[in-house]
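Okay, here's what each chain looks like letter by letter:
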Amino acid sequence: DCVEMLDSSYAVGEETRRCQRLACEFLESRGRPTVAGDAKTRVGYVHSVGHGLGLAVHEEPFFSDVPTNEDVIEPGHVFSCEPGVYYPDRGFGVRIEDVIWVEQKDQIHDLTGFPKELVIEV
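What you see is a predicted model, and the numbers here were worked out from it, not measured in a lab.

Colleague: Requested: an account of the overall build of the protein chain, with residues and values cited.
Modeller: Across its full length, the protein chain carries 2 helices and 7 strands. Reading the helices (α) and strands (β) of the protein chain from amino to carboxyl end gives α-α-β-β-β-β-β-β-β. A total of 122 residues make up the protein chain; the buried ones form 31% of that total. In the protein chain, of all internal contacts separated by at least 6 residues, the share reaching a separation of at least 24 is 50%.

Colleague: Which residues make up the side chain of Thr-34, and what values go with them?
Modeller: Relative to the assigned elements, Thr-34 resides in the loop between helix H2 (17-28) and strand S1 (51-52). From its side chain, Thr-34 meets the backbone nitrogen of Ala-36 in a polar contact 3.1 Å long. Excluding anything up to four places from it in sequence, Thr-34 contacts Cys-24, Leu-27, Glu-28, Thr-41 and Tyr-45.

Colleague: With reference to specific residues and values, describe the pattern of salt bridges.
Modeller: This structure, assessed with the given rule, holds 5 salt bridges. For Glu-14, the salt bridge goes to Arg-18, with nearest N and O atoms at 3.4 Å. The partly exposed category is assigned to Glu-14, whose relative accessible area is 25%. Taking the shortest distance from any N to any O, the salt bridge between Asp-65 and Arg-17 comes out at 3.0 Å.

Colleague: Any chance you could break down the confidence of the model for the protein chain for me, citing the residues and the numbers?
Modeller: Summarising the model, the protein chain shows a mean pLDDT of 87, and 89% of its residues fall at 70 or more. Taken element by element, the protein chain is modelled with least confidence in helix H1 (residues 2-9), mean pLDDT 58, and with most confidence in S1, mean pLDDT 95.

Colleague: Let's hear about the packing of aromatic side chains: which residues, and what values?
Modeller: A full pass over the atoms with the stated rule returns 2 aromatic pairs. The interplanar angle of 45° and the centroid separation of 4.9 Å between the aromatic rings of Phe-63 and Phe-79 together place this pair among those described as tilted. Highlighted residues: Phe-63 in the loop between strand S2 (59-62) and strand S3 (78-81) and Phe-79 in strand S3, separated in sequence by 16 residues. Taking relative accessible area as the criterion, Phe-63 reaches 1% and is therefore assigned buried. Ring geometry for Tyr-87 versus Phe-92: centroids 5.6 Å apart, planes at 40°, classification tilted.

About the cut-offs
- Residues numbered from 1 in each chain as written.
- Predicted model: local features only at pLDDT ≥ 70, side-chain atom pairs only at ≥ 80, totals over all residues.
- Heavy atoms only, no water.
- Helix = DSSP H or I, 4+ residues; strand = E, 2+ residues; numbered from the N terminus.
- Buried < 20%, exposed > 50% of the residue type's maximum accessible area, 1.4 Å probe, protein only.
- Contact = heavy atoms within 4.5 Å.
- Polar contact = N/O pair within 3.5 Å; in protein donor to acceptor, adjacent residues only side chain to side chain.
- Salt bridge = Lys/Arg side-chain N within 4 Å of Asp/Glu carboxyl O.
- pLDDT = per-residue confidence, 0-100.
- Phe/Tyr/Trp six-rings, centres within 6.5 Å; stacked < 30°, edge-to-face > 60°.

And the structure:
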């Protein structure tokens, strides 16, 4: 859950690229390949955790973990939180997309409000 991760380990003023690192560390600890381990991977976690939303579909803040990204979380930001893992050779993937609003310091809201239960019939 993006809000839970942000509330527990993130603060206004922190670099957005840290959120990308946290997502990669979480997935790698569970045996999933990520762009942190191999920037060219097309299996597992293959993109950044999110991006700003506003007048453009993709705008600041950006969450990619590159040295040139100096964006930080600020009050008023609205951004996507959309981690996904993909296994094209196996024919499936999953991506959860939430919209996050930072009201003020320590007030982070998930505007999506949709249950995140994955049910797969076997």
